[in-house]
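Examination of the molecular architecture
If you want the building blocks of each chain, they are given just below.
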Amino acid sequence: MPYSKTNPKIFLLDGESLTPEELVLLSHGNHTIDLTETAWERIAESRALVEKLASSGKAIYGINTGFGNFATVTIPDDQLSQLQINLITSHSAGTGPALSPARTRMLLVLRINVLAKGFSGISPKNVGCMLAAFNKGCLSYVPEQGTVGASGDLAPLAHLALGMMGMGKMWDPTLNQYDDAAAVLKRHGLTPIQPGAKEGLAMINGTQFIASHGAEAVVRASLVAKQADVVGALTLEALQGTPRAFDPKVHAARPHPGQVASAARLRALLHRPDHPSEIFEAHIDCARVQDSYTLRCMPQVHGASADTVEMVREVITTEMNSATDNPMCFAETSSIVSAGNFHGEYPAKFLDYLTIGVHELASISERRIERLINPTLSGLPAFLVAKGGLNSGFMIPHCTAAALVSENKQMANPASTDSIPTSAGKEDHVSMGGFAARKCVKVVENVEKVLAIELLAACQAIEFHRPKKTTPALEAVYALVRSKVPAYDEDRFMAPDIEAAWKLIRSGAVWNAVAKHIGEQPADHEVHDGLMGL
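Now for a look at the structure at hand. (Residues numbered from 1 in each chain as written. Predicted model: local features only at pLDDT ≥ 70, side-chain atom pairs only at ≥ 80, totals over all residues. Heavy atoms only, no water.)

**Quick notes on the layout of surface pockets**
For the record, the criterion: Definitions used for this entry: grid spacing 1 Å over protein atoms alone; cavity, a set of points where a 1.4 Å probe fits but cannot get out; pocket, an open set with protein on both sides within 12 Å along at least 5 of 7 lines; lining residue, one with an atom within 4 Å of a point. Grid points are joined across faces, edges and corners, and a volume is the space filled by probe spheres set on the points. Numbering of helices and strands runs from the N terminus, with a helix taken as a DSSP run of H or I at least four residues long and a strand as a DSSP run of E at least two residues long. Here the nonpolar group is Ala, Val, Leu, Ile, Met, Phe, Trp, Tyr, Cys and Pro; Asp, Glu, Lys and Arg are the charged ones; every other residue, Gly included, is treated as polar.
Its boundaries defined by the atoms lining it, the largest pocket holds a volume of some 760 Å³. Counting only elements with at least two residues in the lining of the largest pocket, the list comes to α3 (80–91), α6 (154–164) and α8 (199–204). The element that contributes the greatest number of residues to the lining of the largest pocket is α3, accounting for five residues. Split by residue class, the lining of the largest pocket holds 13 nonpolar, 16 polar and three charged.

What follows is the structure, encoded as structure tokens:
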């Protein structure tokens, strides 16, 4: 992302180069944004075209006609502004809980980034109002339910625009709560948006609700996929497994990028001569020939998830920097074209793929938890606790993991295979991308929590191998966990421990604990601080 030459603290949006990590970075409200000079020029040219065509007397969709099934109704010139106001108010029909302020920031940034491309016909003045609202931390109240993902995310984006018009509710950063939008704008010296011809449509026609949730899901899934290798390696150590299955020759023979990377990571984490494990050395001559699939096949399973994340990252990044309006304004040819870039099928379909792909990290993790707590499989005390019977140990944390995996299996059913025609049959195929995106984020969160439970169980299993130590990298993970969660000598309230371990996973702390030991880059702390606020 480029920075302003006059103020290096200002991020400049150009409509072309925003990444998922940068969008998450902007979510926590510690940054100011503006547009590049080229973006401002494109917006001005596009607006000039709209004003020229609006005065021509020709019927042009979105400028002087109704919308959807009312596209054949021509609107008089003196009602063009009211047409746009009516569009925003009537389409603000969402329901359900409001997006968090952090997610609303992401939605607003992404809509501004799309407007920066110069295909929307909005005025520079009203883009300036949107920028000012973001920079002051004044955020519209946006319910999370109501979009079918074509024509774009109409309901949530209408709510986003509604607050900036001084209607509905807005988040007041001073009061730290929602208040009347007009009062919030006035309190912070902001001017309400007054939409002219096409400007209401320019603010609401697009896939930014889907894409902003998708960006969050991609960033979190990318981090959790790497940490799954770390947690799985710790479990393998606790179960006295072998790294033999991660031999590079094996994975070179089936060179999927994610599989190869996962196997290399596991080799780096586990025993080797310059990175020894006393736990491994104690059973190096045992008679076991091979480990169970949940240990032996981690590269094949984790790698498939990681490759899915990267495939979806490419699609979401493209979507974040795409013009998804209808109609689209082309200043260079003085033309306005009605088409279908608002359709959310691309991000919807690929986020369904991501849901399925990342779910598997929790599915295999839950099976590793079972192996840790089952004395028949582990050779360790039942449920990883002394005085079993008096103490239940990890009995119910495993049930929690199983419940989360079951939820994920249900949510892995694709949303994008459904379509319900709307707008009197005019919008006769929709993507259902809004739900695809929301449930994808939820599945990623559940995966984080299942891995957190495995992390706690693996660290507890390591206790039964003391005083022997594992590798330096995995000892660093153990020490990190023990800095937040003490070992279990007897039963105690476990929900806070799971919450603490989840935060270590979600923030990237587990990854950062091993990165320097295995020659990989740590997670960007600013980006992942942003994740903690979502």
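**Side note on a negative patch on the surface**
The criterion, for reference: Put simply, a patch holds well-exposed residues, over 30% relative accessible area, that have no salt bridge, with like charges counted together within 9 Å and Val, Leu, Ile, Met, Phe, Trp or Tyr side chains within 5 Å. Areas reported here follow the Shrake-Rupley algorithm with a probe of radius 1.4 Å; residue values treat only the protein chains shown as occluding. We count a salt bridge whenever a side-chain nitrogen from Lys or Arg sits within 4 Å of a carboxyl oxygen from Asp or Glu. Counted as positive: Lys and Arg. Counted as negative: Asp and Glu. His and the chain ends are not counted at all. Note on charges: their place is set at NZ of Lys, CZ of Arg, CG of Asp or CD of Glu.
Together, E37, E41, E45 and E332 make up a region of like negative charge exposed at the surface. If you trace the backbone, E41 turns up in helix α2 (residues 37–54).

**Thoughts on the pattern of salt bridges**
Rules: Here the term buried applies to any residue with accessible area under 20% of the maximum for its type, exposed to any over 50%, and partly exposed to those in between, with areas from a 1.4 Å probe on protein chains only.
One pass over the full model with this rule turns up 25 salt bridges. Here R220 ties to E216 by a salt bridge, and the two come within 2.7 Å at their closest N and O atoms. One end of the pair, R220, and the other, E216, are both in helix α9 (residues 208–238), four residues apart, so they sit about a helical turn from each other. Neither R220 nor E216 differs from the other in exposure class; each is buried. In this structure, the salt-bridge partner of R220 is E448, at a minimum N-O distance of 2.7 Å. Within this pair, whereas R220 is found in helix α9, its partner E448 is found in helix α18 (residues 433–463), the two being separated by 228 residues in sequence. Judged by relative accessible area, which is 1%, E448 ranks as buried. Through salt bridges that share partners, R103, E216, R220, K442, E445, E448 and K449 make up one connected network.

**Quick word on the sheet that holds strand β7 (residues 177–180)**
Just so we agree on the cut-off: If DSSP finds at least two bridges between two strands, the strands pair.
As summarised here, the arrangement of the three strands in space is β4-β6-β7, forming an open sheet in which the pairing is antiparallel. The open sheet has two edge strands, β4 (139–140) and β7, and neither has a second partner.

**Brief notes about the nonpolar core**
Formally: Nonpolar cores are built from buried Ala, Val, Leu, Ile, Met, Phe, Trp, Tyr and Cys residues. Side-chain atoms within 4.5 Å join them into one set. Any two residues having at least one pair of non-hydrogen atoms within 4.5 Å are treated as being in contact.
With 157 residues, the main nonpolar core has I33, L35, M130, I204, L354 and L455 as its most contacted residues. Of the residues forming this core, the biggest block, 18 residues, is contributed by α9. When neighbours within four sequence positions are excluded, I33 is seen to be in contact with I10, F11, L13, L26, V109, I112, L131, F134 and N135.

**Side note on α2**
For the record, the criterion: Expected helix span is taken as 1.5 Å per residue step, with the number of steps being one fewer than the number of residues. This arc is built from the directions going out from the helix axis to the C-beta atoms.
Compared with the 26 Å implied by 1.5 Å per residue over 18 residues, the 26 Å span of α2 between its first and last C-alpha is a close match. The complete set of buried residues in α2 reads A39, I43, S46, R47, L49, V50, L53 and A54. Mapping the buried residues of α2 onto a view down its axis gives an arc of 155°, with all of them on the same face. Structural note: α2 exposes E37 and K52 on the side pointing more than 90 degrees away from its buried face.

**Considerations on the environment of I518**
Tracing the sequence through the fold places I518 in helix α21 (residues 509–518). Measuring from C-alpha to C-alpha, the distance between I518 and R482 comes to 21 Å, with 36 residues separating the pair along the chain. Not counting residues up to four positions away in its chain, the partners in contact with I518 are R265, A268, L269, A473 and W511.

**Things to note about unusual backbone geometry**
Here the bond from A150 into S151 is cis, since omega is 5°, no more than 30 degrees from zero. Mapped onto the fold, S151 is located in the loop between β5 (143–145) and α6. The residue after R466, namely P467, is reached through a cis peptide bond having omega 15°. Mapped onto the elements, P467 comes out in the loop between α18 and α19 (472–482). Not every positive phi belongs to a glycine, and S423 is a case in point at roughly 55°. The exposure class assigned to S423 is partly exposed, which follows from its relative accessible area of 28%.

**What to know about α6**
By the criterion of burial, α6 is predominantly enclosed, with 11 of the 11 residues buried. Taken together, the buried positions of α6 are occupied by L154, A155, P156, L157, A158, H159, L160, A161, L162, G163 and M164. A positive phi of about 85° marks G166, the residue just after α6.

**Here's the deal with the pairing of β7**
As paired strands, strand β6 (residues 169–172) and β7 are joined by four bridges and run antiparallel to one another. Bridging from a neighbouring strand, W171 pairs with Y178 of β7. Hairpin geometry of β6 and β7 is characterised by an intervening segment of four residues between the two adjacent antiparallel strands and by a positive phi of about 60° at N176.

**Quick notes on the packing of aromatic side chains**
Here is the rule we go by: In summary, the pairing rule links any two rings of Phe, Tyr or Trp, Trp by its six-membered ring, whose centres are within 6.5 Å, and it sorts them by plane angle into stacked for under 30 degrees, edge-to-face for over 60 and tilted for everything else.
For the coordinates displayed, the defined rule picks out seven aromatic pairs. Taking 4.9 Å as the distance between ring centres and 75° as the angle between the ring planes, the aromatic pair formed by Y141 and Y178 counts as edge-to-face. With Y141 in the loop between β4 and β5 and Y178 in strand β7, this residue pair connects regions lying 37 residues apart in the sequence. Judged by relative accessible area, which is 24%, Y141 ranks as partly exposed.

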